[in-house]
Amino acid sequence: MKIFKTIGLYIFAAALFYAGVTHFIYDHGFARMLPDWVPLKLIIVYVTGITEWLLALLLLFPQTRRAAGFGTAAFLILVLPANIYAAIYGIPAPWSEETPRIALWIRPLFQPLLIWWVLVVTKHSNRQKGFDTL
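A quick note: this is a predicted structure, and the numbers were derived from the prediction, not measured.

S.K.: Got a minute to help me understand the layout of surface pockets in this structure?
M.R.: Rolled over the atoms, a probe with the dimensions of a water molecule shows which regions are left empty. Of the voids in this model, the largest pocket is the one considered here, and its volume is about 670 Å³. Together, 26 residues line the largest pocket, and His23, Glu52, Val79, Asn83 and Arg107 are the ones closest to its centre. For the lining of the largest pocket, the secondary-structure elements that each account for two or more residues are helix H1 (2-25), helix H3 (41-60), helix H4 (62-89) and helix H5 (101-122). Here the residues of the lining of the largest pocket sort into 19 nonpolar, 5 polar and 2 charged.

Have a look at this one:
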């Protein structure tokens, strides 16, 4: 079972890192996902991309893994409103000019699964290495 948890951890970290990369490639597409009243949209997109890189990196180290798991779960909760906004208003995926409405709803509906995933693969990570005070 430990091997599946380890594989799941590295898949999640790689996907999170790649998601951060896409924030720079499709920056204007991600900015469209924010309501008009939100200022500094591109800066927010870049900061979230860098945050994803940092969290992905911190997930790789046993000493920071558990805290990074909680941080990633919190981050996923914080970006959920943008995903819901995009689904409600039919804002296409950042890399697309048109996205089916059902596909837009997949992202926010699967957000709890991603939160669960990161918490499962980081659970007890620090205790195994003697860092059970975190």
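From this point on, the discussion continues.
S.K.: Please clarify how the packing of aromatic side chains should be interpreted in this entry.
M.R.: To describe a pair of aromatic rings, you give the distance between the ring centres and the angle between the ring planes. Throughout the structure, instances matching the rule amount to 6 aromatic pairs. Ring geometry for phenylalanine 24 and tyrosine 46: centres 5.1 Å apart, planes at 15°, overall stacked. Taken as a pair, phenylalanine 24 in helix H1 and tyrosine 46 in helix H3 lie far apart in primary sequence, 22 residues in all. Taking relative accessible area as the criterion, phenylalanine 24 reaches 33% and is therefore assigned partly exposed. Three or more aromatic residues joined by ring pairs form one cluster here, namely Phe17, Phe24, Tyr46 and Trp53.

What counts and how
- Residue indices begin from 1 for each chain and proceed along its sequence in written order.
- Local features are withheld for residues below a pLDDT of 70 in this predicted model, meaning they are given only at 70 or higher, and side-chain atom pairs are given and counted only at 80 or more; totals for whole chains, interfaces and linings count all residues.
- As a rule here, side-chain values cover all heavy atoms of the structure and leave hydrogens and water aside.
- We place a 1 Å grid over just the protein atoms. Points where a 1.4 Å probe fits but has no way out form a cavity, open points with protein on both sides within 12 Å along at least 5 of 7 lines form a pocket, and any residue with an atom within 4 Å of a point lines it.
- Grid points are joined across faces, edges and corners, and a volume is the space filled by probe spheres set on the points.
- Every helix listed is a DSSP run of H or I at least four residues long, and every strand listed is a run of E at least two residues long, numbered separately from the N terminus.
- Residue classes follow a fixed rule: Ala, Val, Leu, Ile, Met, Phe, Trp, Tyr, Cys and Pro count as nonpolar, while Asp, Glu, Lys and Arg count as charged, and any other residue, Gly among them, counts as polar.
- Working definition: rings of Phe, Tyr and Trp (its six-membered ring) pair if their centres are within 6.5 Å, and the pair is stacked with planes under 30 degrees apart, edge-to-face with planes over 60 apart, and tilted otherwise.
- When a residue's accessible area, from a 1.4 Å probe over protein chains only, is under 20% of the maximum for its type it is buried; when over 50% it is exposed; and in between it is partly exposed.

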